[in-house]
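This is what each chain is made of:
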Amino acid sequence: MEELAKESISLLASASAKPPLDVETRLGSMGAVFIMLKSALGAGLLNFPWAFERAGGVRSAVSVELISLVFLISGLIILGYSSSISGQYTYQAVVKKLCGRAIGQLCEICFVFNLFMISVAFLVIVNDQLEKCE
């Protein structure tokens, strides 16, 4: 018991001795990949079986997904190149630096609108699932 208390105290001391995070922390590559995957899948993941059926089967749905993947990867390559040119780390900063302040603010408005529409999509899907439970 006494050893456990000593270990806990040493863990607390080592945790409090860590230096504070840098002000300019960067998102790692894996974090960016997971964020993009999450936003690409979003609410649509819950409707994949229905969408595949409506698209005419798995073959045609997968071909559409592969075409979409080409555009997604192209966009990410362009964004990465733009980020390296501008020296900025966030999407908003890259757009503001390369396109100007007005276009940057327009992109921020579009981003907020996109988040709102994703929330609406999730509410519609949850409502649909709740109706099936009744």
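Just so it is clear, the model here is predicted, and its values are computed rather than measured. (Residues numbered from 1 in each chain as written. Predicted model: local features only at pLDDT ≥ 70, side-chain atom pairs only at ≥ 80, totals over all residues. Heavy atoms only, no water.)

**Things to note about the side chain of Ser86**
Right, so step 1: Note on placement: Ser86 falls in helix 4 (residues 58-86).
Right, so step 2: On the basis of relative accessible area, Ser86 is assigned to the buried category, the value being 11%.
Right, so step 3: Of the polar contacts made by the side chain of Ser86, one reaches the backbone oxygen of Ser83; its length is 3.5 Å.
Right, so step 4: Residues contacting Ser86, with those up to four places away along its chain left out, are Val94, Lys97 and Leu98. (Helix = DSSP H or I, 4+ residues; strand = E, 2+ residues; numbered from the N terminus. Buried < 20%, exposed > 50% of the residue type's maximum accessible area, 1.4 Å probe, protein only. Polar contact = N/O pair within 3.5 Å; in protein donor to acceptor, adjacent residues only side chain to side chain. Contact = heavy atoms within 4.5 Å.)

**Here's the deal with the environment of Gly104**
Right, so step 1: Considering the arrangement of structural elements, one finds Gly104 in helix 6 (residues 101-133).
Right, so step 2: Given the relative accessible area of 2%, Gly104 is considered buried.
Right, so step 3: As for Gly104 and Val94, which are separated by ten residues in sequence, their C-alpha atoms are 8.5 Å apart.
Right, so step 4: The contact partners of Gly104, leaving out residues within four places of it in the chain, are Val95 and Lys96.

**Some thoughts on helix 4**
Right, so step 1: With 29 residues, helix 4 ought to run about 42 Å at 1.5 Å a step, and its terminal C-alpha atoms sit 41 Å apart, in line with that.
Right, so step 2: Listing the buried residues of helix 4 in full gives Ala61, Ser82 and Ser86.
Right, so step 3: Note on helix 4: the residue one or two positions beyond its end, Gly87, has a positive phi of about 75°. (Expected span 1.5 Å × (residues − 1).)

**Side note on the packing of helix 5 (residues 91-99) against helix 6**
Right, so step 1: Running from amino to carboxyl end, helix 5 crosses helix 6 at an angle of 150°, the nearest separation of the two axes being 7 Å. Looking at the two axes, helix 5 sits roughly antiparallel to helix 6. Read as a crossing pair, helix 5 and helix 6 show a hand that is right-handed. Here Tyr91, Gln92, Val95, Lys96 and Cys99 of helix 5 lie close against helix 6, whose contacting residues are Arg101, Ile103, Gly104, Cys107, Glu108 and Phe111.
Right, so step 2: Here the contact of helix 5 with helix 6 is built from residues that sort into six nonpolar, two polar and three charged. (Axes fitted to C-alpha atoms, helices over the stretch in contact; angles between N-to-C directions. Parallel < 35°, antiparallel > 145°, perpendicular 65-115°, else oblique. Left-handed = near helix turned anticlockwise from the far one by under 90°. Nonpolar A, V, L, I, M, F, W, Y, C, P; charged D, E, K, R; others polar.)

**Quick look at the UniProt feature "transmembrane region" (unreviewed entry) in the protein chain**
Right, so step 1: Within this structure's numbering, the places UniProt gives as "transmembrane region" (unreviewed entry) are residues 27-50, 62-82 and 102-126.
Right, so step 2: Structurally, residues 62-82 is divided into 100% helix and 0% strand, and its ends, taken at the C-alpha atoms, are 30 Å apart.
Right, so step 3: Counted over residues 102-126, helix gives 100% and strand 0%. Its end C-alpha atoms are 36 Å apart. (UniProt positions renumbered as here; feature names shortened; annotations may be inferred.)

**As for the packing of helix 4 against helix 5**
Right, so step 1: Direction vectors running N to C along helix 4 and helix 5 enclose 65°, while the axes themselves pass 10 Å from each other. By the angle between their axes, helix 4 is roughly perpendicular relative to helix 5. By crossing handedness, the relation of helix 4 to helix 5 is classed as left-handed. Here Leu79, Ser82, Ser83 and Ser86 of helix 4 lie close against helix 5, whose contacting residues are Tyr91, Val94, Lys97 and Leu98.
Right, so step 2: Residue classes in the contact of helix 4 with helix 5 are distributed as four nonpolar, three polar and one charged.

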